[in-house]
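# Geometric and topological summary
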Amino acid sequence: MSVTIFTMTHKKFPMPGDPIYVPLQVGRAGAEDLGYIGDDTGVSISEKNCYYGELTGVYWVWKNIKTSDYVGICHYRRYFCTEEGRILTGKEYEEILSQYDIVTSKLLKLNFAYYDGYAANYNLRDLKAVEAVIRQDYPDYYETFEKLVHGKGTYFGNMMVCRKEIYDAYCEWLFGIFEKAEDKIDASGYDDYHKRVYGFISEFLLYVWTQVQGLSAYECKVGMTDEKRETAEIKERLAEYFAGKDIAGAKAYMLACLERRPDVLMEASDITGELRMSMQVIAVCELEQQAYGSSTIDRIQDFEALMVHFQKLNDMIQGWKEGECKMSPSEVEFYMKKERITDIALEASARLFYPAEEACEIAEAVKACRG
């Protein structure tokens, strides 16, 4: 069994030591040659990279690689890995693929329907254009597409490993859809982020395709070799706002970041969850200030300390409903008084995990421990 994992990149990077990982420069047409294999050789759509993202590399592998039994796609800092975070080896892939048809990312569980999330962050007309193509030209997939697009799950990252014939069948289906959708979609006026229409939608379409095909999928943890620099920069700036007790400034800055890059809160970007928790800090402190004239930020300004404080609160709330809270009622009472947990903070935390009505009930139950 020969396995080749193509590592999509647009910059130089430290390569994994295992020879199954082969760098592939995507969007090399018109870009600086990094010295890797490029997606602008052979049969290629490299010039569409601004709209397709890493899919120009996915297409290149489909059309030009004929020598590997199994092929896969990962990214220069994003890899399939063990639960402990170690990048999978060739031998481990062989063992997995002897039992499963395909390796995918773990199903991303959303807090909202995929359709609604797409509408909130992108141009919904583009998703509807793809839907129209599937309904007309791929009717066997339409019922599943409709069901899943209004569900709360998706794969992410355009990462997969499978037999080459499965890979080829998927690509023929995917790029067939997009070729027809291009007549209905005009992304030329979008900013650089939103232009990657086909890259975004394809993550969801891989989920649709595997379901219709009835493939046995090994849903694997995705690990990152390092945090995105832009994510780290956002956290650094937020830390400065928090240190200055400037919640209004932190809110304005975070909203501006989300306007430019709405994907920064996704698990694949916010791998520690600290940006999402920073949004929680901002919301809670703003409401506390309005209600009480002071807030958590008046007591805790250090970024890491704030993260620890809110993570402990979230763990307690989530564990309470599931019967897995590690603190006894007396410990909860002591903790809430010691940390001065407000009703606002309790309810905000509960709403992260439960529907509104249920969240209020849980918050009330926890408050009762405070006496």
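Residues take numbers from 1 onward in each chain, read along the sequence in its written order. Note on the predicted model: pLDDT of at least 70 is required for a residue's local features to be given, and 80 or more for side-chain atom pairs to be given and counted; whole-chain, interface and lining totals, by contrast, use all residues. To obtain the side-chain values, all non-hydrogen atoms of the structure were used and water was disregarded.

Looking now at the overall build of the chain. The way it works is that DSSP assigns letters per residue, a run of H or I at least four long becomes a helix, a run of E at least two long becomes a strand, and they are numbered from the N terminus. Of regular secondary structure, the chain possesses 15 helices and ten strands. Over its C-alpha atoms the chain spans a radius of gyration of 23 Å, differing by no more than 12% from the 21 Å that the globule rule assigns to 371 residues. Projected onto its principal axes, the C-alpha positions of the chain cover 70 × 45 × 40 Å. For the chain, the proportion of its 371 residues judged to be buried stands at 53%. Counted over contacts in the chain with a minimum sequence separation of 6, partners at least 24 positions apart contribute 70%. Total accessible area on the chain stands at roughly 17500 Å², and carbon and sulfur atoms take up 49% of it. In this count, Lys and Arg are taken as positive residues and Asp and Glu as negative ones, while His and the chain termini are left out. We put the charge of a Lys on NZ, of an Arg on CZ, of an Asp on CG and of a Glu on CD. Within the chain, the 61 negative side-chain charges are centred at a point lying 2 Å from the centre of the 43 positive side-chain charges. Within these notes, the globule rule equals 2.2 Å times the number of residues to the 0.38 power, and the radius of gyration is based on C-alpha atoms. Burial here depends on accessible area, computed with a 1.4 Å probe over protein chains only, as a share of the maximum for the residue type. Under 20% is buried, over 50% is exposed, and the range in between is partly exposed. Contacts are assigned to residue pairs that have any heavy atoms within 4.5 Å of one another. All accessibility values rest on the Shrake-Rupley procedure with a 1.4 Å probe; residue burial counts only the protein chains present in the view.

This next bit is on the state of the cysteines. Criterion for a disulfide: a pair of cysteine sulfur atoms at a distance within 2.5 Å. What the rule picks out here adds up to zero disulfides. Note on C81: no disulfide assigned, nearest cysteine sulfur contributed by C220 at a separation of 6.1 Å. Overall, C81 belongs to the buried group, its relative accessible area being 3%. Take C257: it sits in no disulfide, and the sulfur closest to it among the cysteines is that of C285, at 18 Å. Of the residues examined, C257 reaches a relative accessible area of 1% and is grouped as buried.

To continue, consider the packing of aromatic side chains. What counts as a ring pair is set by centres within 6.5 Å for rings of Phe, Tyr and Trp (its six-membered ring), and what kind of pair is set by the plane angle: stacked under 30 degrees, edge-to-face over 60, tilted for all other angles. Scanning the entire structure with this criterion turns up 25 aromatic pairs. When the centroid spacing of 5.1 Å and the interplanar angle of 55° are considered together, the rings of Y170 and W209 count as tilted. Taken together, the positions of Y170 in helix α7 (residues 164–181) and W209 in helix α8 (residues 197–213) put the pair 39 residues apart, joining distant regions of the chain. Summarising the burial analysis for this pair, Y170 and W209 share the class buried. A connected cluster of aromatic rings, assembled from ring pairs, spans Y114, Y118, Y122, F145, Y193, F200 and F204. For a lysine, the NZ atom is tested; for an arginine, the CZ atom; a charge sits over a ring if that atom is within 6 Å of the ring centre and within 35 degrees of the ring normal. The ring of Y36 is capped by K12, whose NZ or CZ atom sits 4.9 Å from the centre of that ring. The ring of Y253 has R237 sitting right over it, with the charged end atom 4.6 Å from the ring centre.

A few words now on the side chain of N314. Structurally, N314 is set in helix α12 (residues 303–321). For N314, a relative accessible area of 5% puts it in the buried group.

In this fold, T296 is placed in the loop between α11 (274–292) and α12. Judged by relative accessible area, T296 falls into the buried class, the value being 4%.

The next subject is unusual backbone geometry. In this model, K245 sits at a positive phi of 55°, which is unusual for a non-glycine residue. The exposure class assigned to K245 is partly exposed, which follows from its relative accessible area of 44%. Although it is not a glycine, R340 sits at a positive phi angle of roughly 55°. Along the chain, R340 falls in the loop between α13 (329–338) and α14 (343–353).

The next point concerns the pairing of strand β2 (residues 21–25). Most of β2 is tucked away, with five of its five residues classed as buried. What makes two strands pair is DSSP finding at least two bridges between them. In this structure, strand β1 (residues 3–9) lies alongside β2, joined through five bridges in parallel fashion. Within β2, the position partnered with T9 by the bridge is Q25. Here two bridges tie β2 to strand β3 (residues 37–38), and the two strands are oriented parallel to one another.

What follows deals with the environment of L238. Summarising the element assignment, L238 is placed in helix α9 (residues 229–243). In sequence terms L238 and Y253 are 15 residues apart; their C-alpha atoms lie 8.0 Å from each other. In contact with L238, other than residues within four places in its own chain, are A250, Y253, M254, L275, S278, I282 and F303.

Computed over the protein atoms alone on a 1 Å grid, cavities are sets of points where a 1.4 Å probe fits but cannot get out and pockets are open sets with protein on both sides within 12 Å along at least five of seven lines; a residue lines them when it has an atom within 4 Å of a point. Grid points are joined across faces, edges and corners, and a volume is the space filled by probe spheres set on the points. Going through the model one piece at a time under the given rule, you end up with one cavity of 30 Å³ or more. Roughly 40 Å³ of internal volume is contained in the largest cavity. Lining of the largest cavity is provided by L55, V58, N158, M160, Y170, L174 and L206. Elements with a minimum of two residues in the lining of the largest cavity: α2 (55–64) and α7. Amino acids are sorted into nonpolar (Ala, Val, Leu, Ile, Met, Phe, Trp, Tyr, Cys and Pro), charged (Asp, Glu, Lys and Arg) and polar (every other residue, Gly among them). Here the lining of the largest cavity is built from residues that sort into six nonpolar, one polar and no charged.

By nonpolar core we mean a set of buried residues, namely Ala, Val, Leu, Ile, Met, Phe, Trp, Tyr and Cys, connected to one another through side-chain atoms within 4.5 Å. Judged by nonpolar contacts, the single largest core of 83 residues is most densely connected at Y93, Y167, F175, F178 and L205. With near-sequence residues (within four places) excluded, F175 lies in contact with I45, Y52, L55, V58, Y59 and W62. Within the second largest apolar cluster, 40 residues are counted, among which are C257, L313, Y354 and I362.

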